[in-house]
Amino acid sequence: MARLKLGVLISGRGSNLQALIDAAADPAFPAEIALVLSNKADALGLERARKAGIATAIVSHRGFADKPTFEQAMTEALETAGVELVCLAGFMRLLSPWFVEHWHDRLINIHPSLLPAFPGLDTHRRALETGVRFHGCTVHYVRAAMDNGPIIGQAAVPILPGDTEDALADRVLTQEHRLYPLAVKLIAEGRVRVVDERAEITGQPTAPEPVLNPPG
Ligand code: GRF
């Protein structure tokens, strides 16, 4: 069966991109990366894509007079590459309602918190300051409001005594690298449906265990 064609949008390090590259290296994975698009020429993620032999494009927001022409150029590059699902992976430009609508239910994002808690930046610091016992990451369909939209999957990590922002960020990132390929797989298998702005997932083989923190 044809694999779902992904376009991955990055601005930097690209560790989530790497997780998708690694997952798609397995021919049984139901999606492949057709294009990695960066708005920054020096994004480390571009190197990762080149190393994996994946097509890259640099569409710099600075090269365009305004956001509509920038987003039009990105859309053209993605469509020329045959992209069917756009994955934001550390893409640091806010997208306009036009772009979000154009790619409606074909555009997903990974965010480093358990949404709807902590949208925006500095999520790990804010989780520590708030004193929540669990933190984590979310993959969701993108809507016009920032870090908003039907939730496809989440991974939770317990916050530990003495945690630092960096230690927590590392622990969450490890889970991001599991969650993003899983969410893409579920979509590519046709198991995710948006109904009344909630993502429904069919065919879940097992139910996860509840977790307490503190454990006892
Ligand atoms: C990740 O923490 C992701 O959740 C957020 O931006 C960061 C990107 O990291 N949206 P990387 O570029 O994938 O390493």
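Please read all numbers here as calculations on a predicted model, not as lab measurements. (Residues numbered from 1 in each chain as written. Predicted model: local features only at pLDDT ≥ 70, side-chain atom pairs only at ≥ 80, totals over all residues. Heavy atoms only, no water.)

A.B. asks: Would you mind going over the packing of helix H5 (residues 123-130) against helix H6 (residues 165-188) with me for this structure?
C.D. replies: As a packed pair, H5 and H6 sit with axes 9 Å apart at the nearest point and diverge in direction by 115°. Put simply, H5 runs roughly perpendicular to H6. Where H5 crosses over H6, the handedness of that crossing is right-handed. Across the interface between the two elements, His124, Arg125 and Leu128 of H5 pack against Glu165, Leu168, Ala169 and Val172 of H6. Among the residues making up the contact of H5 with H6, the classes are represented as four nonpolar, one polar and two charged. (Axes fitted to C-alpha atoms, helices over the stretch in contact; angles between N-to-C directions. Helix = DSSP H or I, 4+ residues; strand = E, 2+ residues; numbered from the N terminus. Parallel < 35°, antiparallel > 145°, perpendicular 65-115°, else oblique. Left-handed = near helix turned anticlockwise from the far one by under 90°. Contact = heavy atoms within 4.5 Å. Nonpolar A, V, L, I, M, F, W, Y, C, P; charged D, E, K, R; others polar.)

A.B. asks: What's the story with unusual backbone geometry in this structure? I'm lost.
C.D. replies: Excluding glycine, most residues fall at negative phi; most peptide bonds, likewise, are trans. The step from leucine 115 to proline 116 runs through a cis peptide bond, and the omega angle for that step is 10°. Considering the arrangement of structural elements, one finds proline 116 in the loop between strand E5 (107-111) and H5. The omega torsion across asparagine 213 and proline 214 is 5°, close enough to zero to call that bond cis. Inspection of the secondary structure puts proline 214 in the segment after strand E9 (198-201). Phi at aspartate 105 takes a positive value of approximately 60°, unusual for a residue other than glycine. Residue class for aspartate 105 comes out partly exposed when judged on its relative accessible area of 28%. The backbone of glutamate 197 sits at a positive phi, close to 60°, despite the residue not being glycine. Counting through the fold element by element, glutamate 197 comes out in the loop between strand E8 (192-195) and E9. Looking at glutamate 197, the relative accessible area reads 43%, which means it is partly exposed. (Buried < 20%, exposed > 50% of the residue type's maximum accessible area, 1.4 Å probe, protein only.)

A.B. asks: Help me understand the sheet that holds E5 in this model?
C.D. replies: Working definition: the strands of a sheet are paired by backbone hydrogen bonds and lie parallel or antiparallel to each other. Spatially, seven strands are ordered E3-E2-E1-E4-E5-E6-E7 in an open sheet, and the strand pairing comes out mixed. The strands lining the two open edges of the sheet, one partner per strand, are strand E3 (56-58) and strand E7 (151-158). Between one strand axis and the next, the sheet turns through 20° on average, direction left out of account. In this structure, strand E2 (residues 31-38) lies alongside E3, joined through three bridges in parallel fashion. Considered in E3, the bridge of valine 36 is made with threonine 56. Of the strands in this sheet, strand E1 (4-10), E2 and E3 are in contact with helix H2 (residues 44-51), which crosses E3 at around 155°. (Pairing = 2+ DSSP bridges.)

A.B. asks: Sorry if this is basic, but what is going on with the confidence of the model for the chain here?
C.D. replies: Close inspection of predicted coordinates is inappropriate in any region flagged by low pLDDT. For the chain, per-residue confidence averages 97 on the pLDDT scale, and residues scoring 70 or more make up 100% of the total. Confidence scores differ between elements of the chain, with helix H3 (residues 67-80) showing the lowest mean pLDDT of 97 and strand E4 (residues 85-88) the highest of 99. (pLDDT = per-residue confidence, 0-100.)

A.B. asks: Is there a simple way to think about the packing of helix H1 (residues 15-24) against H6 in this case?
C.D. replies: Angle between the axes and distance between the axes are the two parameters that describe a pair of packed helices. At a minimum axis separation of 9 Å, H1 and H6 run at an interaxial angle of 50°. In this view, H1 runs oblique relative to H6, as classed from their interaxial angle. Considering only the axes of H1 and H6, their crossing is right-handed. In contact with Ser15, Asn16, Ala19, Leu20 and Ala23 of H1, H6 contributes Leu173, Glu176, His177, Tyr180, Pro181 and Val184. Its residues assigned to classes, the contact of H1 with H6 comprises seven nonpolar, three polar and one charged.

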